[in-house]
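Reading the structure
Take a look at the letters that make up each chain.
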Amino acid sequence: MRQDPLKYLADELDSLRQQGLYRQLRVLESEQQAHATFDHRSVINLSSNNYLGLTTHPRLREAAIEAVGKYGAGSGSVRTIAGTMDLHMELEARLAKFKNVEAVVVFQSGFAANAGTVSAILNKEDVIISDELNHASIIDGCRLSRAAIKVFPHKDADAARKILRDLPAGQRKLLITDGVFSMDGDLGPMPALCDVAEEFGAIMMVDDAHASGVFGHQGRGTIDHFKCHGRVDIQVGTLSKAVGVLGGYVAGTKAFIEFLYHRARPFLFSTSHPPAVAAACIAAIDVLEQEPQWMERLWENTRFFKAGLQSLGFNTGRSESPITPVIVGEASQAMQMSDRLFAEGVFAQGIGFPTVARGQARLRTIVTATHSREDLQFALDAFARVGKELGIV
Ligand SMILES: Cc1ncc(COP(=O)(O)O)c(C=O)c1O
């Protein structure tokens, strides 16, 4: 009888089970909202990236439905063959205006935007200087480029400077950071990193996935928040989180974006967004520009919930954003706490190695603009009860 050549993967899964790291996917049976039904249970949802509540905003829904009526369900091709629709061009033009840059290219996801861009613009002669906590999509893009990768300690601009000082002046260099770090909710030291990039003539790149729609005027991101306009060569944003739909985009000069049209592999070799996605993203930009109340509520809720967790005695790390981790240490304890909270009607996903370092397991909470004060107080009361029960606070 044929042996299963993939049996080693089942063994790996057993090992995850033993370490308390095995996760069953939670299944969402309702809209992605502040209150949602997962696994037949109605819960306060603190686990989505739906910062502004736009996944179900009426203007996005209507735009998506209208686009399906006019264009159908799919785009039918990659962008470079027959899959560039007028909606894709309109979305890119709107984003370029919103970000105040010459041009923007939209990718199928933020992951594809990061990985596709870094791998397209560098080769094995070049060097990348990267924060140790940068997102997996940046790391994969760096590996795909075959450039040398030099990692600096988290947020340490002086360490980045020391690395750059030792590199040959003529070598091409990319300095890269997340705008908001996704597991800790802290911000990259943008002005200090821009100084370093300018000092050594490095390309400066920022992944603003968790800052799009959250930081800066009307959600223009950390470059706007830190007033670093004109100092960042490559800005990546996502359409999948606060924008409420799906996709990633890269903003920069016209020549750079046209180069990506010719060389970024996810753009060349993977089908473009369905029309409903592009249309809903355009509607989301209208909402960002015309409905400031969502960002205001997001930040009011963030301040209330973060202060509540801290006053209960939880370790919320160094968060400066609506991402507030509750750091508990061991993965098994984080998973146990997440499960107990779920039973109490609160969904805060447990996260362990390899997404965060060993011993740094946590529950990652993200409030949204559409949580009510009662929702957040309900969640805080559940955290207090479960935290005491498990001896965490
Ligand atoms: C920092 C960061 N960059 C990029 C991405 C990828 O974005 P997307 O979900 O649009 O692929 C994520 C999402 O997990 C992220 O947290």
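In short, a report on the structure. (Residues numbered from 1 in each chain as written. Predicted model: local features only at pLDDT ≥ 70, side-chain atom pairs only at ≥ 80, totals over all residues. Heavy atoms only, no water.)

1. Some points on the overall build of the chain
The criterion, for reference: Numbering goes from the N terminus for both helices and strands, where a helix is a DSSP run of H or I of at least four residues and a strand is a run of E of at least two. Radius of gyration here is computed from C-alpha atoms only, and the compact-globule reference equals 2.2 Å multiplied by the residue count raised to the power 0.38. Only protein chains enter the accessibility calculation, which uses a 1.4 Å probe; a residue whose area is less than 20% of its type maximum is buried, one above 50% is exposed, and one in between is partly exposed.
Counting its secondary structure elements, the chain contains 14 helices and 13 strands. Its C-alpha radius of gyration of 21 Å places the chain within 12% of the 21 Å reference for a compact globule of 393 residues. Across its three principal directions, the C-alpha atoms of the chain cover 65 × 60 × 55 Å. Residues counted as buried form 55% of the 393 residues belonging to the chain.

2. Focus: the sheet that holds strand E1 (residues 35-38)
Quick reminder of the rule: When DSSP locates at least two bridges between a pair of strands, those strands are taken to pair.
Pairing is mixed in the open sheet, where 3 strands are placed in the order E1-E2-E11. Edge positions in the sheet fall to E1 and strand E11 (346-347), since each of these pairs with one other strand and no more. As defined by bridge partners, strand E2 (residues 41-45) adjoins E11 across 2 bridges and the pair is classed as parallel. Looking at E11, one finds that Asn 45 is bridged to Phe 347.

3. Here we look at the pairing of strand E13 (residues 361-366)
Among the 6 residues in E13, 6 count as buried, and that is most of the element. Residues Ala 361, Leu 363 and Thr 365 line one face of E13 and the alternating positions Arg 362, Arg 364 and Ile 366 line the opposite face, and both faces are buried. Alignment of strand E10 (residues 323-329) against E13, held across 6 bridges, turns out to be antiparallel. Paired with Gly 329 across the bridge in E13 is Ala 361.

4. Side note on the pattern of salt bridges
Short version of the rule: The term salt bridge refers to a pairing of a side-chain nitrogen on Lys or Arg with a carboxyl oxygen on Asp or Glu at a separation within 4 Å.
Here the structure, examined in full by the defined rule, presents 25 salt bridges. One salt bridge in this structure joins Asp 286 and Arg 94, with 2.8 Å as the shortest N-O distance. Note that Asp 286 is positioned in helix H11 (residues 275-290) and Arg 94 in helix H3 (residues 86-99), a separation of 192 residues in sequence. Of the charged contacts, one joins Asp 186 and Arg 318 as a salt bridge, the two residues approaching to 2.9 Å between their closest N and O atoms. Of this pair, Asp 186 sits in the loop between strand E6 (173-178) and helix H7 (190-200) while Arg 318 sits in the loop between helix H12 (293-311) and E10, and the two are 132 residues apart along the sequence. If you follow the salt bridges from partner to partner, you end up with Arg 23, Arg 26, Asp 39 and Asp 339 in one network.

5. Quick notes on the nonpolar core
Burial of nonpolar side chains together is a common tendency in soluble globular proteins. For the record, the criterion: The criterion is simple. A nonpolar core is a set of buried Ala, Val, Leu, Ile, Met, Phe, Trp, Tyr and Cys residues joined through side-chain atoms within 4.5 Å.
Judged by nonpolar contacts, the single largest core of 66 residues is most densely connected at Leu 52, Leu 91, Phe 305, Met 337, Leu 341, Leu 363 and Phe 383. For this core, the element with the highest residue contribution is H11, accounting for 12 residues. Core analysis: the second largest hydrophobic core is formed by 24 residues, Phe 107, Ala 112, Val 236 and Ile 257 among them.

6. Considering the site of the ligand
Worth spelling out the cut-off: The criterion for a residue being near a molecule or strand is simple. One of its heavy atoms has to lie within 4 Å of it. Whenever a nitrogen or oxygen atom comes within 3.5 Å of another N or O atom, the pair is scored as a polar contact, on the condition that within protein one atom can donate a hydrogen and the other can accept it, and that pairs from neighbouring residues in sequence are kept only if both atoms are in side chains. Accessible areas in this description were obtained via Shrake-Rupley with a 1.4 Å probe; residue shielding takes into account the shown protein chains only. Side-chain classes are defined by residue name, with Ala, Val, Leu, Ile, Met, Phe, Trp, Tyr, Cys and Pro counting as nonpolar, Asp, Glu, Lys and Arg as charged, and the others, Gly among them, as polar.
Surrounding the ligand, one finds 15 residues, the nearest of these being Gly 110, Asp 207, Thr 238, Ser 240 and Lys 241. Phe 111 is positioned with one of its backbone polar atoms (N or O) 2.9 Å from an oxygen atom of the ligand. Taking 390 Å² as the accessible area of the ligand by itself, protein coverage stands at 83%. Its residues assigned to classes, the shell around the ligand shows 2 nonpolar, 10 polar and 3 charged.

7. Looking at the state of the cysteines
To keep things clear, this is the line we draw: To count as a disulfide, a pair of cysteine sulfur atoms needs to be within 2.5 Å.
Under the criterion given, the structure shown has 0 disulfides. Its sulfur unpaired, Cys 228 is 4.1 Å from the next cysteine sulfur, which belongs to Cys 194. The buried category is assigned to Cys 228, whose relative accessible area is 1%.

8. A few points about the environment of Asp 131
How we decide: Between two residues, a contact is recorded if the distance between any of their heavy atoms is within 4.5 Å.
If you trace the backbone, Asp 131 turns up in strand E4 (residues 127-131). Between the C-alpha atoms of Asp 131 and Asp 178, which are 47 residues apart in sequence, the distance is 7.9 Å. Beyond its immediate stretch of four places on either side in the chain, Asp 131 contacts Val 151, Phe 152, Pro 153, His 154, Lys 155, Ile 176, Thr 177 and Phe 181. Polar side-chain contacts of Asp 131 include one of 2.7 Å to the backbone nitrogen of Leu 133.

9. A few points about the packing of helix H2 (residues 58-71) against H11
Which entries qualify depends on this criterion: Fitting a line to C-alpha atoms yields each axis, with helices limited to the stretch in contact; the angle taken between N-to-C directions then spans 0 to 180 degrees. Small angles under 35 degrees read as roughly parallel and large ones over 145 as roughly antiparallel, with 65 to 115 read as roughly perpendicular and the rest as oblique. Each crossing gets its handedness from the near helix: less than a right angle anticlockwise from the far helix is left-handed, clockwise is right-handed.
The geometry of H2 relative to H11 is characterised by a closest axis approach of 8 Å and an angle of 150° between their N-to-C directions. It follows that H2 is roughly antiparallel to H11 by the angle criterion. Of the two elements, H2 crosses H11, and the hand of that crossing is right-handed. Between H2, through Arg 59, Leu 60, Ala 63, Ala 64, Ala 67, Val 68 and Tyr 71, and H11, the contact on the second element is made entirely by Pro 275, Ala 276, Ala 279, Ala 280, Ala 283, Ala 284, Asp 286, Val 287 and Gln 290. Considering only residue class, the contact of H2 with H11 consists of 13 nonpolar, 1 polar and 2 charged.

10. Regarding the packing of H12 against helix H14 (residues 373-389)
Between H12 and H14, the shortest axis-to-axis distance is 10 Å and the interhelical angle comes to 20°. Classed by the angle they form, the pair H12 and H14 counts as roughly parallel. By crossing handedness, the relation of H12 to H14 is classed as right-handed. Mapping the contact onto sequence places Glu 300, Asn 301, Phe 304, Phe 305, Gly 308 and Leu 309 in H12 and Arg 373, Leu 376, Gln 377, Ala 379, Leu 380 and Phe 383 in H14.

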